[in-house]
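Remarks on the overall topology
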Amino acid sequence: MMKITRRQLPAAFSGMAGGAGLASGREALAQPLPGLVRIDPAPLFPISPYLHMQFMEPLGVTDGSVAASWDDDADDWRRDFIETVRDLAPGAIRWGGLLSRYYRWREAVGPVAARRPMRNYQWGGWETNRVGTAEFVDLCRRVNAAPILSVNFLSDGHQRYARMREGDRTGDAREAADWVSYCNDPDDPARRRDGAAAPFDVRLWQIGNETSYGDAGFTKSQAIAHTISFAREMRARDPSIRLIGWGDRGRSDDPSLWAGDMLRQAGEHLDYIAIHMMQQLPPRRDTILRGRAYQDDPARAWAELIEMSGGIEARLAELEDVIAAQGTRTGIAVTEGHLSLTPHNANPILGEWLTGAYHARALNTYQRHGARVKIATAADFNGTRWTVAAVRLQVPRGVSYLTPAGSVMRLFGRHNGDQAVAASGGPADLDMVASRTGNRIFLHVANLSFDTAAEAAFTVDGGIISGGRVLEIAPENPRQAVTQDQPDVFTPRERPLGPGRTIRWRFPPTAVSVVELDFRPV
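The structure presented is a predicted model; accordingly, all values stated were derived computationally and were not measured.

1. Here we look at the overall build of the protein
- Scanning the protein for helices and strands turns up 11 helices and 25 strands.
- Expected size for 522 residues packed as a compact globule is a radius of gyration near 24 Å; at 24 Å, the protein falls within 12% of this value.
- Dimensions of the protein along its principal axes, counting C-alpha atoms only, are 70 × 50 × 50 Å.
- When each of the 522 residues of the protein is scored for burial, the buried share is 60%.
- Contacts in the protein between residues at least 24 apart in sequence constitute 76% of all its contacts with a sequence separation of at least 6.
- Here the protein has roughly 19900 Å² of accessible surface; of this, 50% comes from carbon and sulfur atoms.
- Taken together, the 61 basic and 62 acidic charged side chains of the protein have centroids lying 1 Å from each other.

Dropping the structure here:
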């Protein structure tokens, strides 16, 4: 494998001739055959359409979030927001988060003038509830995403919500079951009275959000008992719904994952077991991933981010072992996940391409584990101030645009197969997964090197490549940032690939790419 440093790139690429099957992400190179990537097109497992999901939560005074996405003049979702989310193409959008602990769904349905405002106890301020069940489902339909609703799970056991100044904010199993009926029963009188004759058809429901985090909520045994109760009542209203139960760790008196006992006692009621992936913290005591310190040494910041990304694999492997020990086919749902850097949820590095390969490796990790991982995300959904979102909004009006995390999610989500296949070999710096639909192969590739290009050659076992293309995000400067004034800086660049038994490509430093290969069996 030949490597070219970032410093050498301009000279190295300036004089090379182009040619079918020899093009690079910048210019063509005539070099010796690099590391070979062999693709076995035999399907391994189906890839879930929910690996690039998002979650949506009103964030009070900490971020404009949901309220900023709504156009009060048009009394509808902002047009630019809808267009950006449709382009992002999340497979699913989840309503909930910590808000679920005090959210009473009936306050946000029916005539707008009659809806009751809700105090946002976690994030501060008040929510008008202008966006409720109907509006959320409408958003999902308009962007072709499956809705996921997180129910109020007795406030996850946090007793204080039963005694708030505004009244009891806990929701029981009956309330959750009534929400299922409101959404899915064709004859539900409340929904029909509210003007929606057809059911909303919400298939995915989560019971409990971060239930194990902290010592103020349910113990594990309490959570399991209530999970069974909620599941029974909710499924009695609609047996076809698919339920997500909580399986992470967090209590100081119980350091193990809850998933084992949850599945052993309540597994027959659950289709997925959930963890959250926000615990990706810099392991180095002298980390520069705090505030703006990374700006003094972006190469080291890159190295720390790549180092951190390996923690996702370890977390998934641990959970897979726990599930396998129970002998079940329960799927994994990572219903929240983002980089946990200071300042909290607002580190500026998340607007720069320095984080691009981290997000790509995270999504590749979920797909590598796709035999078990069925729901996953690499970022929050939308916001005005938080940088952990996939979509940023200029307020009060203006543009919506994708962060680096959102740009990678869009690239991988829109260009992916429906069956996983194996890809072996290739340069060590390339993190890669492969899939196929019909006779088209999709490779998601991240060059994990900060300053070195990597050349690879691709071949399909038992086939000839008839053509293809590369879609690539590869800014010259890894500190390139996206802003409302430059919303399209991470738009992928497309280059064609010519036919042949072997196709070569050179991946620039820090590049995130999709390689699409059409092949015919021989």
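Continuing now.
2. Remarks on the UniProt feature "domain: Alpha-L-arabinofuranosidase C-terminal" (unreviewed entry) in the protein
- Those places that UniProt annotates as "domain: Alpha-L-arabinofuranosidase C-terminal" (unreviewed entry) correspond, in this numbering, to residues 351-511.
- Secondary structure content for residues 351-511 is 15% helix and 42% strand, and the end C-alpha separation is 16 Å.

3. Quick notes on the packing of aromatic side chains
- The tally for this structure, following the rule as stated, stands at 20 aromatic pairs.
- Seen from their ring centres, W123 and W386 are 5.3 Å apart, and the 80° between their planes marks the pair as edge-to-face. Here W123 is found in the loop between β7 (118-119) and β8 (126-127), whereas its partner W386 is found in the loop between β15 (380-383) and β16 (389-393), with 263 residues between them in sequence.
- Ring geometry for F458 against F507: centres 6.2 Å apart, planes inclined by 80°, an arrangement best described as edge-to-face. Here the residue F458 occupies a position in strand β21 (residues 452-460), and F507 occupies one in strand β24 (residues 503-507), the gap between them amounting to 49 residues. For the pair F458 and F507, a shared accessibility class is recorded, and that class is buried.
- Counting every residue linked through ring pairs, the aromatic cluster contains W95, Y103, W105, F136, W179, Y182, F200 and W205.

4. Quick word on the packing of helix α3 (residues 79-88) against helix α11 (residues 404-414)
- Running from N to C, α3 and α11 cross one another at 50°; their axes reach a closest spacing of 8 Å. Classified by the interaxial angle, the pair formed by α3 and α11 is oblique. From α3, R86, D87 and L88 reach across to α11, where they touch G406, M409, R410 and R414.
- Among the residues making up the contact of α3 with α11, the classes are represented as 2 nonpolar, 1 polar and 4 charged.

5. Quick notes on the pattern of salt bridges
- This structure, assessed with the given rule, holds 41 salt bridges.
- With a closest N to O distance of 2.9 Å, E107 and R169 form a salt bridge. In this pair, E107 is assigned in the loop between β6 (92-95) and β7 and R169 in the loop between β9 (146-151) and α5 (173-184), connecting sequence segments 62 residues apart.
- Its salt-bridge partner being R284, residue E307 comes within 3.3 Å of it at the nearest N-O pair. Of this pair, E307 sits in helix α9 (residues 298-326) while R284 is found in the loop between β12 (272-277) and α9, placing the two residues 23 residues apart along the sequence.
- In this structure, a network of salt bridges that share partners links the residues R440, R469, E494, E516 and D518.

6. A few points about the side chain of S69
- Following the sequence through the fold, S69 ends up in the loop between α2 (65-68) and β4 (70-71).
- For S69, a relative accessible area of 0% corresponds to the buried category.
- Polar contacts involving the side chain of S69 include one to the side chain of N382, which spans 2.5 Å.
- With residues up to four places along the chain from it excluded, the contact list for S69 reads W77, R78, F81, N382 and L393.

7. A short note on the layout of surface pockets
- Empty space within the largest pocket amounts to approximately 330 Å³.
- Lining of the largest pocket is provided by 19 residues; of these, W123, M278, H338, H344 and N345 occupy positions nearest its centre.

8. Some thoughts on the state of the cysteines
- Considering all chains together, one arrives at 0 disulfides under this definition.
- Free cysteine: C140, not disulfide-bonded; nearest cysteine sulfur from C183 at 11 Å.
- The exposure class of C140 is buried, given its relative accessible area of 1%.

Thresholds, definitions, all that
- Residues numbered from 1 in each chain as written.
- Predicted model: local features only at pLDDT ≥ 70, side-chain atom pairs only at ≥ 80, totals over all residues.
- Heavy atoms only, no water.
- Helix = DSSP H or I, 4+ residues; strand = E, 2+ residues; numbered from the N terminus.
- Rg over C-alpha atoms; globule rule 2.2 N^0.38 Å.
- Buried < 20%, exposed > 50% of the residue type's maximum accessible area, 1.4 Å probe, protein only.
- Contact = heavy atoms within 4.5 Å.
- Areas by Shrake-Rupley, 256 points an atom, 1.4 Å probe, with all protein chains shown as cover.
- Lys, Arg positive; Asp, Glu negative; His and termini not counted.
- Charge placed at Lys NZ, Arg CZ, Asp CG, Glu CD.
- UniProt positions renumbered as here; feature names shortened; annotations may be inferred.
- Phe/Tyr/Trp six-rings, centres within 6.5 Å; stacked < 30°, edge-to-face > 60°.
- Axes fitted to C-alpha atoms, helices over the stretch in contact; angles between N-to-C directions.
- Parallel < 35°, antiparallel > 145°, perpendicular 65-115°, else oblique.
- Nonpolar A, V, L, I, M, F, W, Y, C, P; charged D, E, K, R; others polar.
- Salt bridge = Lys/Arg side-chain N within 4 Å of Asp/Glu carboxyl O.
- Polar contact = N/O pair within 3.5 Å; in protein donor to acceptor, adjacent residues only side chain to side chain.
- 1 Å grid on protein atoms, 1.4 Å probe; cavity = no way out; pocket = protein on both sides within 12 Å on 5 of 7 lines; lining within 4 Å.
- Points joined across faces, edges and corners; volume = space filled by probe spheres on them.
- Disulfide = S-S within 2.5 Å.

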